[in-house]
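The residues making up each chain are set out below.
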Amino acid sequence: MRLRNIPGAREAIGVSEYVIPEERECAGKWSELFGNGQSLHIEIGTGKGRFITELAAQHPEVNYVGIEKYSSVLLKAMHKVEENSISNVLFMRMDAEHILRYFEKNEVERIYLNFSDPWPKERHAKRRLVSREFLDRYRILLKQGGHLEFKTDNRDLFDFGVGQTEIARWEIMEITYDLHNDERMNAGNIMTEYEERFSAKGNPICKYIIRPKD
Ligand code: SAM
C-alpha cells in the first residue's frame, strides 16, 4: 500500500468511537465492546476498508474487527464506516504480530486476509500473514469450526501460503487460482481496493479457505 502520511491521522483515530485503543483490555471482551454476543469475524490488513465495510453492511448479524498497522490507511477505513453509519465494525491499529494479546482463545469465528503484503525476501518470511508462525497464532484464537479466507494476485505468496498450511497442519477446504472465473467460489465475492486494481490489469486472483486440522 502506498503510504502517504496524513497529518493528524493518529489523533483522529485516537478519538474515534470506531477504533479500540491498543492499551484497552479487549481479549475476551469483544461481545461487551460491541454490546451484543454476535459472532466475531476479523480482517487483518484492512487497508482502506472497502471489503469490511461492504461485508458488515451485508451481515449486520456478525461483528467485524478490522486490524491495520498504519494510522493513515486506517483513517480512510474509519471514514467509510462512519459515512455509512455501520454499527457492527470496530478497528484496531496494531501489528498483527501481537494479535494474541487482543483476542481470547476460541473467540474468533472467521479470519479474512486480503492481498497481504508479500515480504518477498526469504529472511522476512515469518512476517507474511500466511506464514506458519501466523497460522499457529490464528489456530489459538479461532473457534472450533472456524476458518480463514485468503485472497491475493501474488502467485508466489499464494504458493507459499499453500505450502505453509501443510506444515502448520491446516486443511484446505476450497481453493482456486482464478477466483473471478470460478462461478461457485466467486459467488458473493466483495472486491477489495487491491483486488479491483490488480484484476483490472488482468492478474488472476487466487483464493483459499482453510481450517485447522485438529
Ligand atoms: N486488504 C486491502 C486490500 O486488499 O485492498 C489492503 C491490502 S495492502 C497490500 C496490505 C495492508 O495490510 C496494508 O494496509 C498494510 O498496512 C496492512 N498490513 C500489513 N502487515 C500488517 C500487519 N502485520 N498487521 C496489520 N496490518 C498489516
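Above this text you will find the structure in question.
This structure is a prediction, so every number in the text was calculated from the model and none was measured.

*Asks:* Give a description of the overall build of the chain that names residues and reports values.
*Replies:* Tallying secondary structure elements over the chain gives eight helices and seven strands in all. The C-alpha radius of gyration computed for the chain amounts to 16 Å, which stays within 12% of the reference 17 Å derived for 214 residues, consistent with globular compactness. Every one of the 214 residues in the chain was classed for burial, and the buried ones make up 49%. In the chain, once contacts between residues fewer than 6 apart in sequence are set aside, the share between residues at least 24 apart is 77%. Of the roughly 11,000 Å² that the chain leaves accessible, carbon and sulfur atoms contribute 46%. Here the chain carries 32 positive and 35 negative side-chain charges, and the mean point of each set is 5 Å from the other.

*Asks:* Mind laying out the nonpolar core, listing which residues take part and the relevant values?
*Replies:* In this structure, W30, I42, I44, F103, I111, Y138 and L148 are the most contacted members of the largest nonpolar core, which totals 37 residues. Here the element with the most residues in this core is helix 5 (residues 132-141); it accounts for four residues. Other than its neighbours up to four places away in sequence, I111 contacts I42, I44, Y138, L141, L142, H147, L148 and E149. Core analysis: the next-biggest nonpolar cluster, separate from the first, contains 20 residues, I13, Y18, A56 and V89 among them.

*Asks:* Before we move on, could you go through a nonpolar patch on the surface and cite the residues and values that matter?
*Replies:* A cluster of nonpolar residues, I172, I175 and Y177, forms a patch on the protein surface that exposes about 220 Å² of accessible area. Summarising the element assignment, I172 is placed in strand 6 (residues 170-176).

*Asks:* Explain the environment of F34 to me, using residue names and the numbers behind them.
*Replies:* One can find F34 in helix 2 (residues 30-34). Overall, F34 belongs to the buried group, its relative accessible area being 12%. Residues F34 and L90, 56 residues apart in the sequence, show an inter-C-alpha distance of 8.1 Å.

*Asks:* Give me the environment of H79: which residues, what numbers.
*Replies:* Within the secondary structure, H79 is located in helix 4 (residues 71-83). The spacing of H79 and K48 is 31 residues in sequence and 9.1 Å in space, taken between C-alpha atoms.

*Asks:* I'd like a description of the side chain of N88, backed by residues and values.
*Replies:* Turning to its location among the elements, N88 is positioned in the loop between helix 4 and strand 3 (89-93). Residue classification places N88 among the buried residues on the basis of a relative accessible area of 7%. Polar contacts involving the side chain of N88 include one to the main-chain carbonyl oxygen of A56, which spans 3.1 Å. Of note is the side chain of N88, whose polar atom sits 2.9 Å from the backbone oxygen of V62. Among all residues touching N88, those that are not within four sequence positions of it are F34, A56, H59, P60, V62, N63 and Y64.

*Asks:* Tell me about the site of the ligand, and please be specific about residues and values.
*Replies:* Near the ligand lie 18 residues; those nearest to it are G45, E68, A96, T192 and Y194. Contact between the ligand and G45: a nitrogen atom at 2.8 Å from a main-chain N or O atom of the residue. Between E68 and the ligand, the recorded distance is 2.6 Å, taken from a side-chain N or O atom to an oxygen atom. Protein coverage of the free-state accessible area of the ligand, which is 590 Å², stands at 97%. When atom positions are compared with the pocket grids, the ligand is found to occupy the largest pocket. Split by residue class, the shell around the ligand holds eight nonpolar, five polar and five charged.

*Asks:* Would you mind going over helix 4 in detail, with residue names and values included?
*Replies:* Taking 1.5 Å per residue as the helical rise, helix 4 with its 13 residues ought to reach 18 Å, and the 18 Å between its terminal C-alpha atoms agrees with that figure. Packed against the buried residues of helix 4 are helix 1 (9-15), helix 3 (50-58), strand 2 (62-68) and strand 3. One or two residues past the end of helix 4 sits S85, with phi positive at roughly 45°.

Calculation notes
Residues numbered from 1 in each chain as written. Predicted model: local features only at pLDDT ≥ 70, side-chain atom pairs only at ≥ 80, totals over all residues. Heavy atoms only, no water. Helix = DSSP H or I, 4+ residues; strand = E, 2+ residues; numbered from the N terminus. Rg over C-alpha atoms; globule rule 2.2 N^0.38 Å. Buried < 20%, exposed > 50% of the residue type's maximum accessible area, 1.4 Å probe, protein only. Contact = heavy atoms within 4.5 Å. Areas by Shrake-Rupley, 256 points an atom, 1.4 Å probe, with all protein chains shown as cover. Lys, Arg positive; Asp, Glu negative; His and termini not counted. Charge placed at Lys NZ, Arg CZ, Asp CG, Glu CD. Core = buried A, V, L, I, M, F, W, Y, C linked by side-chain atoms within 4.5 Å. Patch = residues over 30% accessible without salt bridge, like charges linked within 9 Å, V, L, I, M, F, W, Y side chains within 5 Å. Salt bridge = Lys/Arg side-chain N within 4 Å of Asp/Glu carboxyl O. Polar contact = N/O pair within 3.5 Å; in protein donor to acceptor, adjacent residues only side chain to side chain. Near = heavy atom within 4 Å. 1 Å grid on protein atoms, 1.4 Å probe; cavity = no way out; pocket = protein on both sides within 12 Å on 5 of 7 lines; lining within 4 Å. Sits in = over half its atoms within 2 Å of the grid points. Nonpolar A, V, L, I, M, F, W, Y, C, P; charged D, E, K, R; others polar. Expected span 1.5 Å × (residues − 1).

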